[in-house]
Amino acid sequence: MPALPLALGIILLFDVLRVFLPSLITLFGRAGETPAELMGLYAALWFVLPFLAALLKPRWSLYGGAALLLLARLGLQTGLEQLYTASAGVTAGLVFLYGCARTLDRHAVARGVSGGLGAAVLIHLLLGNVDLVWRDGVLPWLGVLALCAAFAASLPQAAASEDLAPSSTWFLFGPLLLLTGMYLLTPPAPGLAGTLLPAMCAAAFVFTPERVATLPMAVVWTVLGLASLVVPAVPLTVFLPMAALTAMALTARRARPPARPGSALLGGTLLFLVATFAYYAAYDLDLGFPNTLVPVTVSVAVLAVALVAARTPDTPPPAPEWVRLALVAGVAGLVALTGLRSEPPLRPKQGDTLTVIAYNIRMGFGLDGRLSLDAIADWAATKKPDVVLLSEVDRGWLLNGGHDGLARIADRLGMRFHFAPAADRVWGDAILTNLPVQVASHPLGEHDYPTGAQAQAIVVKVGERELGIVNTHLQAPPGQAPEVAAIARNLAAGLDPAAAGPDSGTPMGASGSPAPATPRPVLLAGDLNIRSDDAAGLKPLLGAGLTDPLTALGDPMTSPADRPDQRIDHLLISKGLTVVSAEVPRVPYSDHLPVVATLRLTSLDQEG
């Protein structure tokens, strides 16, 4: 089975790559402290180095790259120099694939690539989006050792062949890797249907790669996927990887001598890197075009390759294999069922106090660069919070490894969550609470800063009273602070969350007179990117009737977490609220420190 070592090697490479990408941000980049150009050059280095494999014999590339990839994957499990181990592992994996491109029979390539990527996605979904590399203990180690041992044992099956896959087949590996990482790692929608769709596609990768290799299907997958980019409410972007797989399988059926299959492979992976940076850099730099053009361009180019390949087919697609189709349905169904979560029950709270945590979690990556979702949840549980307000919540960015951090934290805390997209449909802010709650998200103006921002307008019931909460992460404070101040005023005036947007007017009743509303106290919390000593920056918020109680409690610093010298994470309150206690614990689970406070609802004629 010459496809087996290729499939297992791709699983290992995909693991390493999804450590390499977030390590660029959290360790090399330190979340914006390093110039983007320098980060790009560092990343490109490890994708360019594999071109030196042209100086090696193909078998040396295959076996040497495989050995180094094994060492890198085992090293990552120990936590050894995460950034550099992952970087070297990416280069080693690409050298291994270079060797495969110059030795493997073309009929094994599509099966190996599809089987590897499909299995990697299925494993990721089965593990609840938290891969073995981020887990400690004996069982994760056993799983990694078993995978590495299987890879090593399969290498002798990678027999040299004269019938190599065309260069176009190997070039498409990069686009396929990009689209798989962007659209299959996490479900596009909650619930059984949302989980079933990516699981179905991943299972089809593993069990039926030949069945999708027809030109009409390539066109159908592409049209459906691109339509979903235009209409995000239709979660069909999972079909873009299917289109790329179809194109790869079509090209592999062409019996023509490849020109430079190894170089084509590495060129495709360079395209992966450039497209990844272009897509995610758009949230920090104005590129002059919407970043959705990146996957659109890649998908259209992939379809063009499929159209050319379909003109000179070598082998017709096989007849339907119902056993394989049944396996696809069965595996996809099992994976989808494991991804379901039961909604915790509502727990109304009596009395007049509640505990709140406000935390910018940096996508769940701690100061050591390791994914800390479980540690965040376990620490938060010790505070017995009624409400948890999170910023920089990632629900599946490839750049951060494709983890649904919000669901992971909420499940571990046993809390309901309400997510609000900001920079992307899977990146933003969230509230976790089991109190009766109403939530609406209001987009904030960009104000010449490309990273999107929103403010959650929230009303929770505490006993028989209502508390308004504004949860936000400001990216352009001078323009956005007045907008969230307006939301706070509207909530304080008694408006419902959906009607409390910054552009909302006074709600009118059926008779045309102002609709009656009951005033309520308001809490505004989050990473405001305004220093606590910046009077001008805080002026719009304080002018909305809010006060900063942490100033009187020692003005604790919150950023950066390892050497805090400024407080940009805030908890501002209106009349009718009093801070019973507050702290900023020194925990290493993000580049920010959390703010924890116990609040008491008082009379609205009292200062907070």
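Residues numbered from 1 in each chain as written. Predicted model: local features only at pLDDT ≥ 70, side-chain atom pairs only at ≥ 80, totals over all residues. Heavy atoms only, no water.

Participant: Is there a simple way to think about the packing of aromatic side chains in this case?
Facilitator: Two measures describe an aromatic ring pair: the distance that separates the ring centres and the angle between the ring planes. With the rule as written, the count across this model stands at 13 aromatic pairs. The interplanar angle of 85° and the centroid separation of 5.3 Å between the aromatic rings of F96 and F151 together place this pair among those described as edge-to-face. Here F96, found in helix α4 (residues 82-101), pairs with F151, found in helix α6 (residues 138-154); they are 55 residues apart in sequence, far enough to count as distant. With centroids separated by 4.9 Å and ring planes inclined at 85°, the aromatic side chains of Y279 and Y280 adopt a geometry described as edge-to-face. (Phe/Tyr/Trp six-rings, centres within 6.5 Å; stacked < 30°, edge-to-face > 60°. Helix = DSSP H or I, 4+ residues; strand = E, 2+ residues; numbered from the N terminus.)

Participant: Sorry if this is basic, but what is going on with helix α5 (residues 106-126) here?
Facilitator: Residue pairs three or four apart in sequence face the same way in an α-helix, which turns once every 3.6 residues. With 21 residues, α5 should cover 30 Å at 1.5 Å per step; its first-to-last C-alpha distance of 31 Å lies within 8% of that length. Along α5, 17 of the 21 residues are buried, which leaves the element largely enclosed by surrounding structure. By the N-cap criterion, in which a side-chain oxygen at the helix start approaches the backbone nitrogen of a residue two or three places on, α5 is capped by D105, the distance to H107 being 2.9 Å. Looking one or two residues beyond α5, the residue adopting positive phi is G128, at roughly 70°. (Expected span 1.5 Å × (residues − 1). Buried < 20%, exposed > 50% of the residue type's maximum accessible area, 1.4 Å probe, protein only. Polar contact = N/O pair within 3.5 Å; in protein donor to acceptor, adjacent residues only side chain to side chain.)

Participant: How do you make sense of the environment of L13 when you look at a structure like this?
Facilitator: Mapping L13 onto the fold places it in helix α1 (residues 3-28). We classify L13 as buried; its relative accessible area is 5%. Distance from L13 to T91, taken between C-alpha atoms, is 9.3 Å for residues 78 residues apart in sequence. Excluding its chain neighbours within four sequence positions, the residues that come into contact with L13 are L69, G89, V90, G93, L94 and L97. (Contact = heavy atoms within 4.5 Å.)

Participant: How should I be thinking about the sheet that holds strand β5 (residues 437-443) in this particular structure?
Facilitator: Strand pairing in a sheet relies on backbone hydrogen bonds, with the paired strands running either antiparallel or parallel. Across the sheet, which stays open at both edges, the five strands sit in the order β5-β6-β7-β8-β9 with mixed pairing between neighbours. Since the sheet does not close on itself, it has two edges, and those belong to β5 and β9 (569-573), each with one partner. Along the sheet, successive strands turn relative to each other by an average axial angle of 15°, direction set aside. Two strands pair when backbone bridges link them, and strand β8 (residues 522-527) and β9 are joined in this way by five bridges, in the antiparallel orientation. When the sheet's bridge partners are listed, L524 is paired in β9 with L572. (Pairing = 2+ DSSP bridges. Axes fitted to C-alpha atoms, helices over the stretch in contact; angles between N-to-C directions.)

Participant: So what exactly am I meant to see when it comes to a nonpolar patch on the surface here?
Facilitator: Taken together, L45, L49, L52 and L55 make up a surface patch of nonpolar side chains, about 390 Å² in accessible area. The topology assignment puts L52 in the loop between α2 (36-48) and α3 (58-78). (Patch = residues over 30% accessible without salt bridge, like charges linked within 9 Å, V, L, I, M, F, W, Y side chains within 5 Å. Areas by Shrake-Rupley, 256 points an atom, 1.4 Å probe, with all protein chains shown as cover. Salt bridge = Lys/Arg side-chain N within 4 Å of Asp/Glu carboxyl O.)

Participant: Where do I start with the sheet that holds strand β11 (residues 595-601) in this structure?
Facilitator: Read across the sheet, six strands follow the order β3-β4-β2-β1-β11-β10 without closing on themselves; strand pairing throughout is mixed. Of all the strands in the sheet, just β3 (417-424) and β10 (577-583) have a single pairing partner and so form its edges. Pairs of neighbouring strands in the sheet enclose a mean axial angle of 20°, with direction left out of account. Inspection of the sheet shows strand β1 (residues 353-360) paired to strand β2 (residues 387-394) by five bridges, in the parallel sense. When the sheet's bridge partners are listed, I357 is paired in β2 with V388. On top of the sheet, helix α16 (residues 405-413) reaches β2, β3 and β4 (427-433); it is set at about 155° to β2, its chief contact.

Participant: Before we go on, may I ask you to explain the pattern of salt bridges in this structure?
Facilitator: Any two side chains of opposite charge can pair, on the condition that their charged atoms come close. According to the stated counting rule, one finds 18 salt bridges in the structure shown. Between D163 and R106 there is a salt bridge whose closest N-O contact spans 2.8 Å. Pair noted here: D163 is in the loop between α6 and α7 (167-171) and R106 is in helix α5, with a separation of 57 residues, a long-range link. Accessibility expressed as a relative area gives 5% for R106, which makes it buried. Salt-bridge contacts for K349 lead to D386; the nearest nitrogen and oxygen are separated by 3.6 Å. Here D386 lies in the loop between α15 (373-382) and β2 and K349 lies in the loop between α14 (322-338) and β1, a separation of 37 residues in the sequence.

Honestly, that's just the spatial picture; any functional story needs more than this.
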